[in-house]
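One letter stands for each residue in the lines below.
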Protein chains: 4
Amino acid sequence: MLCSMPPRSTRRSDAARTAILTAAVELVGEVGYSKSSIEAIATRAGVGKQTIYRWWSSKGSVLLDAYLNANVGGEPEDPQGLPNTGDLVADMRAVLRATVDELNDPRFERPLRALTVAVLEDESLAAEYSRRLDEPMRQMKKERLRAAQRQGQLSPDVDLDAVVDTLFAPVAQRWLLRSGPLTYEYTDHLVETVLTGLPRPGS
Amino acid sequence: MLCSMPPRSTRRSDAARTAILTAAVELVGEVGYSKSSIEAIATRAGVGKQTIYRWWSSKGSVLLDAYLNANVGGEPEDPQGLPNTGDLVADMRAVLRATVDELNDPRFERPLRALTVAVLEDESLAAEYSRRLDEPMRQMKKERLRAAQRQGQLSPDVDLDAVVDTLFAPVAQRWLLRSGPLTYEYTDHLVETVLTGLPRPGS
Amino acid sequence: MLCSMPPRSTRRSDAARTAILTAAVELVGEVGYSKSSIEAIATRAGVGKQTIYRWWSSKGSVLLDAYLNANVGGEPEDPQGLPNTGDLVADMRAVLRATVDELNDPRFERPLRALTVAVLEDESLAAEYSRRLDEPMRQMKKERLRAAQRQGQLSPDVDLDAVVDTLFAPVAQRWLLRSGPLTYEYTDHLVETVLTGLPRPGS
Amino acid sequence: MLCSMPPRSTRRSDAARTAILTAAVELVGEVGYSKSSIEAIATRAGVGKQTIYRWWSSKGSVLLDAYLNANVGGEPEDPQGLPNTGDLVADMRAVLRATVDELNDPRFERPLRALTVAVLEDESLAAEYSRRLDEPMRQMKKERLRAAQRQGQLSPDVDLDAVVDTLFAPVAQRWLLRSGPLTYEYTDHLVETVLTGLPRPGS
DNA sequence: TTTTAAACGAGACGGTACGTCGCGTCTTTAT
DNA sequence: ATAAAGACGCGACGTACCGTCTCGTTTAAAA
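In this report, we go over the structure that sits alongside the text. Residue positions are given per chain, counted from 1 along the sequence in the order it is written. As they are written, the chains are lettered A onward and the ligands numbered 1 onward, keeping that order. Under the rules for a predicted model, residues below a pLDDT of 70 receive no local features and side-chain atom pairs below 80 are neither given nor counted, while totals for whole chains, interfaces and linings still include all residues. For side-chain calculations, the full set of non-hydrogen atoms in the structure is used, while hydrogens and water are omitted.

1. Some points on the packing of aromatic side chains
All names here are of chain C. Formally: When two rings of Phe, Tyr or Trp (its six-membered ring) have centres within 6.5 Å they constitute a pair, described as stacked for plane angles under 30 degrees, edge-to-face for angles over 60, and tilted for the intermediate range. The rule for a charge over a ring is simple: NZ of Lys or CZ of Arg within 6 Å of the ring centre, and within 35 degrees of the ring normal.
Summed over all chains, the structure comprises zero aromatic pairs over all chains. A cation over an aromatic ring shows up here: Lys-59 above the ring of Tyr-33, its NZ or CZ 4.2 Å from the ring centre. Residue placement shows Arg-113 over the ring face of Trp-175; its charged tip is 4.9 Å from the ring centre.

2. Observations concerning the protein's contact with DNA strand F
Heads up, the rule is: A single heavy atom is enough: if one lies within 4 Å of a molecule or strand, its residue is considered near that molecule or strand. We call two N or O atoms a polar contact when they sit within 3.5 Å, provided that within protein one can donate a hydrogen and the other can accept it, with sequence-adjacent residues counted only if both atoms are side-chain atoms. Helix and strand definitions here come from DSSP, where helices need a minimum of 4 consecutive H or I residues and strands a minimum of 2 consecutive E residues; each element is numbered from the N-terminal end. Ten residues, namely Ala, Val, Leu, Ile, Met, Phe, Trp, Tyr, Cys and Pro, are considered nonpolar, four, namely Asp, Glu, Lys and Arg, are considered charged, and the remaining ones, Gly among them, are considered polar.
What surrounds DNA strand F is a group of 35 residues, the closest being Lys49(A), Gln50(A), Tyr53(A), Lys49(C) and Tyr53(C). A breakdown of the atoms of DNA strand F within 4 Å of the protein gives sugar and phosphate a share of 70%. Note that a base oxygen of DNA strand F is positioned 2.6 Å from one of the side-chain N or O atoms of Lys49(A). Listing elements by their share of the surface near DNA strand F, those giving two or more residues are helix H2 (38–45) and helix H3 (49–55) of chain A, helix H3 (49–55) of chain B, helix H2 (38–45) and helix H3 (49–55) of chain C together with helix H3 (49–55) of chain D. It is H3(B) that contributes the most residues to the surface near DNA strand F, five residues altogether. Classifying every residue of the surface near DNA strand F gives seven nonpolar, 15 polar and 13 charged.

3. Re the relation of the copies chain C and chain D
Taken together, a rotation about one axis and a shift along it account for how the two chain copies relate. To keep things clear, this is the line we draw: Superposing copies: least-squares fit, C-alpha atoms only, residues required to have pLDDT of at least 70 in both. Whether two residues touch is decided by their heavy atoms; if any such pair falls within 4.5 Å, the residues are in contact.
Placing chain C over chain D gives an RMSD of 0.1 Å and needs a rotation angle of 180°, together with 0.0 Å of translation along the axis. Interpreted geometrically, this transformation is the action of a two-fold axis. Among all C-alpha atoms of chain C, that of Gly197(C) lies closest to the rotation axis, at 1.9 Å. The overlap is high: 100% of the interface residues of chain C also sit at the interface in chain D, so the same surface is used on both sides.

4. Points about the interface of chain A and chain B
Applied cut-off: A carboxyl oxygen of Asp or Glu within 4 Å of a side-chain nitrogen of Lys or Arg is what we treat as a salt bridge.
The partner chain B presents 45 residues to the 45 residues of chain A that form the contact. A salt bridge links Arg178(B) to Glu123(A), with the shortest nitrogen-to-oxygen separation between them at 3.4 Å. Elements represented by at least two residues in the side of chain A that touches chain B include exactly helix H6 (106–121), helix H7 (123–150), helix H8 (160–177) and helix H9 (184–196) of chain A. By residue number, the principal contributor to the side of chain A that touches chain B is H8(A), which donates eleven residues. When its residues are assigned to classes, the side of chain A that touches chain B shows 22 nonpolar, 13 polar and ten charged.

5. Focus on the relation of the copies chain A and chain B
Once turned by 179° and shifted 0.1 Å along the axis, chain A lies on chain B with an RMSD of 0.2 Å. Counting the interface residues of chain A, we find that 100% of their copies in chain B are interface residues as well, pointing to one common contact surface.

6. Re the side chain of Gln173(A)
Note the following rule: Exposure categories follow from relative accessible area, calculated using a 1.4 Å probe and restricted to protein chains: below 20% of the type maximum is buried, above 50% is exposed, and the middle band is partly exposed.
As for its position among the elements, Gln173(A) is in helix H8. We classify Gln173(A) as buried; its relative accessible area is 12%. Apart from residues no more than four positions distant in its own chain, Gln173(A) is found in contact with Arg178(A), Ser179(A), Ala169(B), Ala172(B), Gln173(B) and Leu176(B).

7. What to know about the environment of Tyr184(B)
Residue and element names in this part refer to chain B. With respect to the helices and strands, the residue Tyr-184 is situated in helix H9 (residues 184–196). The partly exposed category is assigned to Tyr-184, whose relative accessible area is 33%. For Tyr-184 and Arg-93, which are 91 residues apart along the polypeptide, the C-alpha to C-alpha distance reads 8.5 Å. Discounting residues that sit within four places of it in the chain, Tyr-184 has contacts with Arg-97, Val-100 and Asp-101. Among the polar contacts made by the side chain of Tyr-184, one reaches the side chain of Asp-101 at a distance of 2.8 Å.

8. A few points about the side chain of Ser130(D)
By the secondary structure assignment, Ser130(D) is in helix H7 (residues 123–150). Residues contacting Ser130(D), with those up to four places away along its chain left out, are Ser179(C), Glu135(D) and Pro136(D).

9. Quick look at the environment of Arg17(C)
Residues and elements named next belong to chain C. Relative to the elements of secondary structure, Arg-17 occurs in helix H1 (residues 14–31). For Arg-17, a relative accessible area of 13% puts it in the buried group. Counting along the chain gives 30 residues from Arg-17 to Val-47, while the straight-line C-alpha distance between them is 9.4 Å.

The analysis is restricted to geometry; functional conclusions fall outside its scope.
Written as structure tokens, this is what we have:
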């Protein structure tokens, strides 16, 4: 249902589809995930409830589509990939700074948090999320690291997935659990710690 | 709630309190967070709904207390602190392995995931969670790292918070979003990547 | 509700309507007014609570409709009007005897008492009750008295409303407050006292 | 418990008793019967709930005591009995006028209506009500009629209970069901109709 | 073109759970 | 010893949404 579906089963109203996705992001941005009922989305979209149930299996599904729809043509970062100025550390610093900018912007924060809540509660939505949002982003990040390897800025032996995780998961975690402020200071520090390596005495 | 307040407003039933917390963990373990209604918790605890509403402000609050109550005397790891055999890498490997063991055990996983969902949706619960669960754990971890610094296994200049984050956030993130399997292989790799540092060619 | 309004707002389920009214009379007949919760009516009717709240404003409203519905085509007495054998005294005696029969029959007594309680507590329900139950009955009674006037059995000057009140209110009052047994003896006596007039010595 | 109780069982706080009865009348006068909870009465009286439950069996019982307490030393009319100027018709007219004055005065109306609702729903309270309120009043009325009989204004054969009923029940009924305005006109008319007798043509 | 089948808006329906109020009982604290 | 205070298990309140199910009414394809 969510997947591609180019040969549309029957005549589907694109106006309704758009209205629903827009209403969903807006509503979630205003009142949060759990207070955004399907009824409320339908009402705000000027749509019958059935039209939602016809095309999506859950509120989470709507939210996933809505989030993707809102960031069309370019997932958070640039669609063409991460910046590559030749300086890996500087580039990653910039990317992480851009990430915290987004996560600190309520217009992005609220829907993304809502989507994350939905994902946590629904295993199959999690798979969908992984495939359509997480994986593409991870590929972009790994691509940038691979370039750095080619440029000799990173050992070819390093596990790229591990590097991506150690760079981005701390930010995601701090954002999700609000365990601390999301600042450039924090991310810069993180980049340094991870990419510079942990110095041992006498090394 | 747990903290101080010895002159309780009036006599509170400890039987009811315990029954509620127990029922909450059990129920959440059986049917998940969103299907664990307060009504169901009350019924299973043999308690009136009002008794829950009287002492907790939300399902999330109950869950937090319930989780802490279930792990009394010893938060996930040892209460006395993280193991210290003198070998930092080996010890952290063990700790992370223990962590994935827990996260793979439904008896811990379900309630913790439920609690996390609640925390994501409720800012003030997040603060409570940080203070009572996250921070104490972080202190234990930093304590172990500080010992390593004293033993000369870790540079005294390193930012301990950043190290803790890079070690544990990736695991938490992978668990929460189910973006991959939680294996010893993954965590061992992580420890190595983080604690060994990222080697650069020619270094 | 019964009256007019043929272009119903949207499609209303007549099955639900009937089930609710039936359940209401039954329940009230079994456990009395105050113990007949809306919840219980809904359950017995196999209906959601909201379906009751959607169409009625209070338990009393339901009861009024239910009472009218239960006595369709013939309010307590004959639908065509009160009997007219040509003998006013005999006819009124019969009517009052029929009334006490009903009031002594739990199947009628319980719902009617419930309805009356509701009416006492709710001014606007009282108006509805007056209009739809009390007034029609009063008209029938006055019609019979008017016939008696035409037949020369009753002075044309007499206030028919006052006569109706003096004949029926004592019975209603005795029934409501249970201030005495409702017997033929009592009502016969009443008819005689009222219709024969109060003889004074030497008249 | 309800009955007179002059030999008080134990040391009972008269302050509490008075506070409760006062609070009950006031509350019922302000918000009506069904919204006057026992909790609210207790709170307003500055009394523990248990103190109410200890001495009364139901809200209705409290209300009955409260009503009697409020009208101490003189039930509605004069304690010494109904007025007797020697003119029965004039006196009954005056008594009925006084009655409608009371029933039109919210300070009396509200508590009395509340009490009546309670009586309708509770058979044993009805008995209590009859014995302590209704009967004494009826005796006074019959006493006045008996005096009229002695004075030759009323046939000695007439059934005094029936006369009392036909005079007062219509007013009570009209008040309870709000089936019409309670005016002097109405009661004067009633007195005339009942006491003058129903004239027939040619008598 | 006309037909016709679907998707659509609207919203009623049987339900579940919400968070609150009040019931009548029971226990604790402070006179 | 009695009263205030109020927690307790319980049941009902009236509301919000759930997901399903008709209803007419568009509306755009196939006939």
